[in-house]
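Now for the letters of each chain:
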Amino acid sequence: SRVPTLGALAQAAIATEICDMRNALDLASLADALDAPLLKSYCQQVGLSNMDAALVECGAAVLVDCDHHLLAELEALITPPQALKQVGKGDCTLLPATDSRFSEME
């Protein structure tokens, strides 16, 4: 059996103990800057899954203060490839809708 790295354990701890709908996008930006892909993916999924509640509770600041690169990635996660082709953006690269790498840490 594989022993998880300290980085993977730290990402899992932050994801399960700290990440919530109010800070998911900020944590995703931080994870991106720290090259923590497992945490980034988890935070993106939490942010997308709870975007409506975060907007109600925190207001538009959730998106206004968000890193523009991260917003583009989130948009790609929720935009089906067919829609991109219909609006002439067929050359866009989409990120996978789910990331199974996080489940490897558990």
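Residues numbered from 1 in each chain as written. Predicted model: local features only at pLDDT ≥ 70, side-chain atom pairs only at ≥ 80, totals over all residues. Heavy atoms only, no water.

1. Regarding the packing of helix 3 (residues 37-49) against helix 6 (residues 68-78)
Here comes step 1: One can describe the packing of helix 3 onto helix 6 by two numbers: an axis separation of 11 Å at closest approach and a directional angle of 70°. Considered as vectors, helix 3 and helix 6 are oriented roughly perpendicular to each other. In the packing of helix 3 onto helix 6, the handedness of the crossing is right-handed. For the pair formed by helix 3 and helix 6, the contact residues are Lys40, Gln44, Gln45 and Leu48 on the first element and Leu70, Glu73, Leu74, Leu77 and Ile78 on the second.
Here comes step 2: Residues belonging to the contact of helix 3 with helix 6 are distributed by class as follows: 5 nonpolar, 2 polar and 2 charged. (Axes fitted to C-alpha atoms, helices over the stretch in contact; angles between N-to-C directions. Helix = DSSP H or I, 4+ residues; strand = E, 2+ residues; numbered from the N terminus. Parallel < 35°, antiparallel > 145°, perpendicular 65-115°, else oblique. Left-handed = near helix turned anticlockwise from the far one by under 90°. Contact = heavy atoms within 4.5 Å. Nonpolar A, V, L, I, M, F, W, Y, C, P; charged D, E, K, R; others polar.)

2. Considerations on the environment of Glu73
Here comes step 1: Position of Glu73 among the secondary structure elements: in helix 6.
Here comes step 2: Look at Glu73 and you get buried, because its relative accessible area is 12%.
Here comes step 3: For Glu73 and Gln44, which are 29 residues apart along the polypeptide, the C-alpha to C-alpha distance reads 8.9 Å.
Here comes step 4: A distance of 2.8 Å separates the side chain of Glu73 from the side chain of Lys40, its partner in a polar contact. (Buried < 20%, exposed > 50% of the residue type's maximum accessible area, 1.4 Å probe, protein only. Polar contact = N/O pair within 3.5 Å; in protein donor to acceptor, adjacent residues only side chain to side chain.)

3. Regarding the confidence of the model for the chain
Here comes step 1: Within the chain, residue pLDDT values average 80, and 75% of them lie at 70 or more.
Here comes step 2: Mean pLDDT values for the elements of the chain range from 56 in helix 7 (residues 81-86) up to 95 in helix 2 (residues 24-33).
Here comes step 3: The low-confidence segment residues 86-106 (pLDDT under 50) makes 28 contacts with residues lying over four places distant or belonging to another chain. (pLDDT = per-residue confidence, 0-100.)

4. Digging into the nonpolar core
Here comes step 1: With 18 residues, the main nonpolar core has Cys19, Leu25, Leu39, Cys43, Val62, Leu70 and Leu74 as its most contacted residues.
Here comes step 2: Of the residues forming this core, the biggest block, 5 residues, is contributed by helix 2.
Here comes step 3: The contacts of Leu74, once residues within four sequence positions are left out, are Leu25, Gln44 and Leu48. (Core = buried A, V, L, I, M, F, W, Y, C linked by side-chain atoms within 4.5 Å.)

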